[in-house]
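Structure assessment
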Amino acid sequence: MRAVSVEPYPAGEAPLDQKGRPVRPRADRLRLVEVDRPTPASDELLVRTVASGVNRADLLQRQGLYPPPPGITDVIGLEASGVVAQVGSEVDGWSVGDEVVALLSGGGYGEYFVVPAGQVVRAPAGVDLVIAGTLMEVAATVVSNADHVHLSEGETFLVHGGAGGIGSFAIQYAKHLGCRVAVTAGGEAKLQYCRDLGADIALDYHDDWLAGLKEATGGHGADVVLDIMGAKYLEQNVEALATDGRCVIIGMQGGTKGTLDIASLLAKRATVTATSLRFRPVDQKSAICSRVAEVVWPLLESGAIRPAPVERFPITEVAAAHARLESGEVSGKLVLVH
């Protein structure tokens, strides 16, 4: 079968950065190669891929910064949709030919992937499989983290990266919960996109977004912050929190090591936490997938939540898809069509 592989630079031929250091593999090092088709274990499904969502984590894995868990394929891809091709001997409830959406630890950029049966669900009614291939990672991330920090009606919810895939869904889901939603994004077009999705407060991160948040909330700040930046925003996020506020970090785009003001946390009785889907055990990921199907799919089917705009790339243009995501110009999601 065909799958996307990262071709390393030949020894001594990697381009150098401004400090003279070899750069990590760029998007143009992605290649479609022939590999063995995976074989499902007794509790797994083999799925023929229809579409693969493209996520920031995929860029990090390409660069060698986010390796898969032990025992997981090194083929990139954390979410995909497809058609069941083989059913493990201990799996009930699924048959060859069923259409599914999957949350993966890896393998989504392959022509086929294997996945524990608990990590697949049927696509929402009325949503085609290509669009469905972009839904699971964002929905599972947002719902599991909203549950984790007990996001509640009436709270102010700050989402960094509001125009991205995570942000597009988080705005709508938080509004469904009855929250006041603030976002950061870059430039007026992205800010208006967030407003159109329901954001109450839209802040340009090129400006002093923290001051803007405090002004817009009358000094209250955010009860919950969903952060994709990590270290770069850590101090500002803590300052942005209201009393009893919670900041949940789900990404590291701004680095991994920052300064945490313990005195400020103590004064606010605040919490800083961090989560990841990829390294959770199968039973937890299965429970999250069931939760998404239970609470999110009906919202998509009714139109209460709209899928983010999707830019489609043939799998043969995977390098262009990665370069597009890295450009910072995307509002919504990217998908690879097989």
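See the structure shown above.
In what follows, the accompanying structure is described. All values derive from a computational prediction rather than experimental measurement. (Residues numbered from 1 in each chain as written. Predicted model: local features only at pLDDT ≥ 70, side-chain atom pairs only at ≥ 80, totals over all residues. Heavy atoms only, no water.)

**What to know about the sheet that holds strand β13 (residues 271-274)**
Strand order in the open sheet formed by six strands is β10-β9-β8-β11-β12-β13, with parallel pairing between adjacent strands. On the outer flanks of this sheet lie β10 (201-204) and β13, each paired with one strand and no other. This sheet shows a mean twist of 15° between the axes of neighbouring strands, independent of strand direction. In terms of strand pairing, strand β8 (residues 156-160) meets strand β9 (residues 180-185) through five bridges, oriented parallel. (Pairing = 2+ DSSP bridges. Helix = DSSP H or I, 4+ residues; strand = E, 2+ residues; numbered from the N terminus. Axes fitted to C-alpha atoms, helices over the stretch in contact; angles between N-to-C directions.)

**What about helix α4 (residues 165-177)?**
Look at α4: 19 Å from first C-alpha to last across 13 residues, which is about the 18 Å you get at 1.5 Å a residue. Of all 13 residues that make up α4, 10 are buried, and the element is covered over most of its length. Taken as a whole, α4 has its buried residues at Gly165, Ile166, Gly167, Ser168, Phe169, Ala170, Ile171, Gln172, Tyr173 and Ala174. A positive backbone phi angle near 90° is found at Gly178, which sits one or two residues after α4. (Expected span 1.5 Å × (residues − 1). Buried < 20%, exposed > 50% of the residue type's maximum accessible area, 1.4 Å probe, protein only.)

**Remarks on helix α6 (residues 209-216)**
Buried residues of α6: Trp209, Leu210 and Leu213, and no others. Looking down the long axis of α6, one finds its buried residues gathered within 105° of arc, a one-sided arrangement. Packed against the buried residues of α6 are β8, β9, β10, β11 (222-227) and α7 (234-240). A positive backbone phi angle near 65° is found at Gly218, which sits one or two residues after α6. (Arc of directions from axis to C-beta. Contact = heavy atoms within 4.5 Å.)

**Description of the pattern of salt bridges**
Applying the stated criterion across every chain yields a total of 13 salt bridges. The partner of Arg246 in a salt bridge is Glu155, with the nearest N and O atoms 2.9 Å apart. With a gap of 91 residues between them, Arg246 in strand β12 (residues 241-249) and Glu155 in the loop between α3 (136-148) and β8 connect regions that are remote in the sequence. Note on accessibility: Arg246 and Glu155 belong to one class, buried. If you follow the salt bridges from partner to partner, you end up with Glu311, Arg324 and Glu329 in one network. (Salt bridge = Lys/Arg side-chain N within 4 Å of Asp/Glu carboxyl O.)

**Focus on the side chain of Glu79**
Mapped onto the elements, Glu79 comes out in strand β4 (residues 79-87). Within the structure, the side chain of Glu79 is placed 2.5 Å from the side chain of Lys333, a separation counted as a polar contact. Residues contacting Glu79, with those up to four places away along its chain left out, are Ser52, Gly53, Asn55, Ala102, Leu104, Gly133, Thr134, Leu135, Met136, Glu137, Val138 and Lys333. (Polar contact = N/O pair within 3.5 Å; in protein donor to acceptor, adjacent residues only side chain to side chain.)

**Remarks on the packing of α3 against α4**
Interhelical geometry of α3 versus α4 gives an angle of 50° and a closest axis separation of 9 Å. In terms of orientation, α3 lies oblique with respect to α4. Considering only the axes of α3 and α4, their crossing is right-handed. Counted together, Val138, Ala139, Thr141, Val142, Val143 and Ala146 of α3 and Gly165, Ile166, Phe169, Ala170 and Tyr173 of α4 form the full contact between these two elements. Grouping the amino acids of the contact of α3 with α4 by side-chain chemistry returns nine nonpolar, two polar and no charged. (Parallel < 35°, antiparallel > 145°, perpendicular 65-115°, else oblique. Left-handed = near helix turned anticlockwise from the far one by under 90°. Nonpolar A, V, L, I, M, F, W, Y, C, P; charged D, E, K, R; others polar.)

**Digging into the pairing of strand β15 (residues 333-337)**
One face of the sheet, then the other: side chains in a regular strand alternate in exactly this way. Summarising burial for β15: four of the five residues are buried, a large majority. Pairing between strand β3 (residues 44-54) and β15: four bridges, direction antiparallel. The partner of Gly53 across the bridge, within β15, is Val335. Here strand β14 (residues 310-314) runs beside β15; their pairing, made up of five bridges, is parallel. Residue pairing across strands places Arg312 opposite Val335, the latter belonging to β15. Remark: the β14/helix α11 (residues 318-326)/β15 crossover connection has right-handed handedness. (Right-handed = clockwise from strand over helix to strand, strands pointing away.)

**With respect to a nonpolar patch on the surface**
Judged by side-chain polarity, Leu260, Ile262 and Leu266 come together as a nonpolar surface patch covering roughly 290 Å² of accessible area. Its place among the elements puts Leu260 in the loop between β12 and α8 (262-268). Owing to a relative accessible area of 35%, Leu260 belongs among the partly exposed residues under this scheme. (Patch = residues over 30% accessible without salt bridge, like charges linked within 9 Å, V, L, I, M, F, W, Y side chains within 5 Å. Areas by Shrake-Rupley, 256 points an atom, 1.4 Å probe, with all protein chains shown as cover.)

**Considering the environment of Pro25**
Note that Pro25 resides in the loop between β1 (2-6) and β2 (30-34). Residue classification places Pro25 among the buried positions, given a relative accessible area of 17%. Considering only alpha carbons, one finds Pro25 and Val100, 75 residues apart in sequence, at a separation of 32 Å. The residues touching Pro25, leaving out its near neighbours within four places in the chain, are Val6, Tyr9, Arg62 and Gln63.

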